[in-house]
Amino acid sequence: MKIDFNKSTDGLVPVIIQNYLNNQVLMLGYMNQEAFDKTQEIGKVTFYSRSKNRLWTKGEESGNFLEVKSIAIDCDNDTILIKAKPFGPTCHTGSTTCFKEENNHGFVYELEQTISDRIDSDDPESYTNKLYKRGINKVAQKVGEEAVEIVIEAKDNNDDLFLGEAADLMYHYLILLKAKGFKLEDVENVLKSRENGPRRPE
């Protein structure tokens, strides 16, 4: 990975930070060679602060670190794209991003990762892990039960109960995807492939 830090007179290149789960743009900063090297070394995004005139690891004071998941550079080798896992809000104002763009849709992907982490770590206290270890038949059965319950609630007029059952169904559906070795992204790809194709029979 060759980055051209010499294109600018100050030896800095812009760095775009995205949430690795939902691609939400979190912030923009700058790095020199030293900042880039430290970022790779410690696995946390480290900028060169033009105001402090020194290296600055995001979160060194607030604890809201950005854990590096992947690094890419553009076609001109003078801009860096880092996909990271944010720990807490990224902006100093307390906002998720520095662009005041909240994205609640990303929470489902965060939940998917939480489910995966609980299973992969074999957490003995986790309901999710306990259900997963009972096998695919039990997981599928639970999804079926939740599906029946949401149908029942759909026929009534209690919105809170309906949304509660919808949440339960989504949670167990994510466990089923994990048990089958798939992710939400795989389902998205199927839906995208149908977008311009023939419609399914209704």
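Residues numbered from 1 in each chain as written. Predicted model: local features only at pLDDT ≥ 70, side-chain atom pairs only at ≥ 80, totals over all residues. Heavy atoms only, no water.

### Quick word on the overall build of the chain
In step 1: If you tally the helices and strands in the chain, you get six helices and six strands.
In step 2: Counting from the amino terminus, helix and strand elements in the chain follow one another as β-β-α-β-β-β-β-α-α-α-α-α.
In step 3: Relative to the 2.2 N^0.38 estimate, which gives 17 Å for 202 residues, the radius of gyration of the chain is 22 Å and therefore markedly larger than a compact globule would have.
In step 4: Sequence separation of 24 or more characterises 46% of the internal contacts of the chain that already satisfy a separation of 6 or more.
In step 5: Summing over all exposed atoms, the chain offers an accessible surface of approximately 13000 Å²; the carbon and sulfur share of this is 50%.
In step 6: Computed over 26 positive and 34 negative side-chain charges, the inter-centroid distance for the chain is 3 Å. (Helix = DSSP H or I, 4+ residues; strand = E, 2+ residues; numbered from the N terminus. Rg over C-alpha atoms; globule rule 2.2 N^0.38 Å. Contact = heavy atoms within 4.5 Å. Areas by Shrake-Rupley, 256 points an atom, 1.4 Å probe, with all protein chains shown as cover. Lys, Arg positive; Asp, Glu negative; His and termini not counted. Charge placed at Lys NZ, Arg CZ, Asp CG, Glu CD.)

### A few points about the packing of helix 4 (residues 136-154) against helix 5 (residues 159-180)
In step 1: The interhelical angle for the contact between helix 4 and helix 5, taken along N-to-C directions, is 160 degrees, at an axis separation of 9 Å. Considered as vectors, helix 4 and helix 5 are oriented roughly antiparallel to each other. Crossing of helix 4 over helix 5 shows left-handed handedness. Of helix 5, the residues touching helix 4 (which contributes Ile136, Val139, Ala140, Lys142, Val143, Glu146, Ala147, Glu149, Ile150, Glu153 and Ala154) are Leu161, Phe162, Glu165, Ala166, Asp168, Leu169, His172, Tyr173, Ile175, Leu176, Ala179 and Lys180. (Axes fitted to C-alpha atoms, helices over the stretch in contact; angles between N-to-C directions. Parallel < 35°, antiparallel > 145°, perpendicular 65-115°, else oblique. Left-handed = near helix turned anticlockwise from the far one by under 90°.)

### What to know about the UniProt feature "domain: Phosphoribosyl-AMP cyclohydrolase" (unreviewed entry) in the chain
In step 1: Here the UniProt-annotated "domain: Phosphoribosyl-AMP cyclohydrolase" (unreviewed entry) positions come out as residues 27-100.
In step 2: Between the first and last C-alpha atoms of residues 27-100 the distance is 10 Å; the span itself is 14% helix and 38% strand. (UniProt positions renumbered as here; feature names shortened; annotations may be inferred.)

### Concerning the sheet that holds strand 1 (residues 13-19)
In step 1: What the four strands build is an open sheet, ordered 2-1-6-5; its pairing is mixed. What marks the edges here is a single partner per strand, and that holds for strand 2 (25-31) and strand 5 (66-73). In this sheet, neighbouring strand axes are inclined to one another by 30 degrees on average, regardless of whether the strands run parallel or antiparallel.
In step 2: Bridge count for strand 1 against strand 2 is six bridges, and the pairing is antiparallel. Note on strand 2: the bridge partner recorded for isoleucine 16 is leucine 28. (Pairing = 2+ DSSP bridges.)

### Digging into the nonpolar core
In step 1: Ranked by internal contacts, the top residues of the largest apolar core, which has 19 residues, are Ile17, Met31, Val45, Ile80 and Ile82.
In step 2: Secondary-structure elements contributing two or more residues to this core are strand 1, strand 2, helix 1 (33-42), strand 3 (46-49) and strand 6 (80-86).
In step 3: Leaving out residues up to four positions away in the same chain, isoleucine 82 has contacts with Val15, Ile16, Ile17, Gln18, Met31, Thr39, Val45, Val68, Ser70 and Ile71.
In step 4: Ile115, Val139, Val143 and Leu177 belong to the second-largest nonpolar core, a separate cluster that totals 13 residues. (Core = buried A, V, L, I, M, F, W, Y, C linked by side-chain atoms within 4.5 Å. Buried < 20%, exposed > 50% of the residue type's maximum accessible area, 1.4 Å probe, protein only.)

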